[in-house]
Amino acid sequence: MNNINEIVIDAHLHLPVAPSSLEGKKTALLEELRKNGVSKGVVISDSELESSIGSLAECAELFSDCPDIAVVGGISPYINYEEQLKLTDSLLERGQLAGIKLFCGHEPIYLTDGNLGAVYALAERYGVPVLFHSGWDNSHFTAPEIIREAAESHREIKLVCCHCCYPRLEECFDTLAHCGNVYFDLSSVAEGNNEGFFPILETAIHSMPERFIFGSDFGSCDQAEHLRFFRRLNLTEQERRPVFCENAREIYGL
C-alpha cells in the first residue's frame, strides 16, 4: 500500500532547458517538486561553463537561498579543469556543494582515469559523494567491472551510480553487490515504463535497501512518471523509506 503522505527526496534533478532565464528555470523546477509532492531535491549542474541547464557556479549561486535543495557540481577534466577544481574546492569549503558529478560516457572519461585523482581527493577531504553517469550510449566508460575497480580503489568515498548502467541493471547490481561504497541512483530507469525491470529492482532492493536512491532525472525525464513507476514496486515500508528519502538525506546532507 502506498503512503501518499510519505516524504520524497528526488536526488537527481537538472534545471529544465526552458524557460531561458535561470530564475525562470529555478521557478519551474521548484514548481514541479511542489506539484508532485516532493519535499527536497538534488540539482546537478552541467560540467560545461555555458549550459542551458546551468554551470557549476550558476547552480551553486541560484540555489544558495534554498535549504531544501542540495547542489552537486559537474566537472570535466577537459574543461578549464584546474580553475573548476579550485571553484569546487571553494564551494565545498563554504558548504554550497553536496557532491561532485562526472559525465562519463557523455565525455570520454573512465572512473579509473589517473587525472581524476584531484576529484577523488576533494570528495574524500569534504566527505561528499562522487556521482557518475552510466549506461545508455558509450556505456563502456562505466561498465560494471570498471565501477568495481574504482570502488575498490576508493573505499573511503561514496560513489553514486546514476541510471544503474541502464539497461544492464541486473549485471550492475550483481557485479557491485559487495561494493558497499557504491549507491544506485534510479534516475531515468523508469523511461518507457519497463515493467520487466520490476523483479530485478525488487530483488536488489530487498537485499540492500540502504543503497538505493530515488531520482527522476527531471529536466530530461518525467518526475511524475518516475514516482508512479517506483511506487508500484513490491516493497515493505522499511524498504520504501530508505529508497525514497532516508538514503538521499544521509548521502547529501539534506
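Residues numbered from 1 in each chain as written. Predicted model: local features only at pLDDT ≥ 70, side-chain atom pairs only at ≥ 80, totals over all residues. Heavy atoms only, no water.

Asker: Sorry, what's going on with the overall build of the protein chain here?
Answerer: Across its full length, the protein chain carries nine helices and eight strands. At 17 Å, the protein chain has a C-alpha radius of gyration in line with the 18 Å of a compact globule built from 254 residues. Taking the principal axes of its C-alpha atoms as reference, the protein chain extends roughly 50 × 40 × 30 Å. Within the span of the protein chain, comprising 254 residues, buried residues form 58% of the whole. The contacts in the protein chain between residues at least 6 apart in sequence include a share of 78% that link residues at least 24 apart. Surface summary for the protein chain: the accessible area is close to 10700 Å², and the carbon and sulfur share equals 47%. Measuring between centres, the 20 positive side-chain charges of the protein chain sit 5 Å from its 39 negative side-chain charges. (Helix = DSSP H or I, 4+ residues; strand = E, 2+ residues; numbered from the N terminus. Rg over C-alpha atoms; globule rule 2.2 N^0.38 Å. Buried < 20%, exposed > 50% of the residue type's maximum accessible area, 1.4 Å probe, protein only. Contact = heavy atoms within 4.5 Å. Areas by Shrake-Rupley, 256 points an atom, 1.4 Å probe, with all protein chains shown as cover. Lys, Arg positive; Asp, Glu negative; His and termini not counted. Charge placed at Lys NZ, Arg CZ, Asp CG, Glu CD.)

Asker: Honestly, the packing of helix α6 (residues 169-176) against helix α7 (residues 198-207) in this entry has me stumped. Any pointers?
Answerer: How two helices sit against one another is set out by the angle between their axes and by the gap between those axes. Interaxial distance between α6 and α7 falls to 10 Å at its minimum, and their mutual angle equals 15°. Taken together, the axes of α6 and α7 are roughly parallel relative to one another. Judged by the twist between their axes, the crossing of α6 over α7 is left-handed. Note on element contacts: α7 touches α6 through Ile-200, Leu-201 and Ala-204, opposite Leu-169, Glu-170 and Phe-173. Residue composition of the contact of α6 with α7, grouped by class: five nonpolar, no polar and one charged. (Axes fitted to C-alpha atoms, helices over the stretch in contact; angles between N-to-C directions. Parallel < 35°, antiparallel > 145°, perpendicular 65-115°, else oblique. Left-handed = near helix turned anticlockwise from the far one by under 90°. Nonpolar A, V, L, I, M, F, W, Y, C, P; charged D, E, K, R; others polar.)

Asker: What exactly am I supposed to notice about the packing of aromatic side chains here?
Answerer: Where two aromatic rings form a pair, the distance of their centres and the angle of their planes describe that pair. Across all of its chains, the model carries 10 aromatic pairs by this definition. Both rings, one in Trp-136 and one in Tyr-166, keep their centres 4.2 Å apart while their planes meet at 15°; by these two values the pair is stacked. With a gap of 30 residues between them, Trp-136 in the loop between β5 (130-133) and α5 (144-153) and Tyr-166 in the loop between β6 (159-162) and α6 connect regions that are remote in the sequence. Exposure remark for Trp-136: the relative accessible area of 37% places this residue in the partly exposed category. Among the residues examined, Tyr-166 registers a relative accessible area of 14% and is labelled buried. Arranged with centres 4.9 Å apart and planes meeting at 65°, the rings of Phe-198 and Phe-229 form a pair that is edge-to-face. Here Phe-198, found in helix α7, pairs with Phe-229, found in helix α8 (residues 223-231); they are 31 residues apart in sequence, far enough to count as distant. For the pair formed by Phe-198 and Phe-229, the shared burial category is buried. Members of the aromatic cluster, joined through ring pairs, are Phe-198, Phe-214, Phe-229, Phe-230 and Phe-244. (Phe/Tyr/Trp six-rings, centres within 6.5 Å; stacked < 30°, edge-to-face > 60°.)

By themselves, these observations are geometric and do not establish any function.
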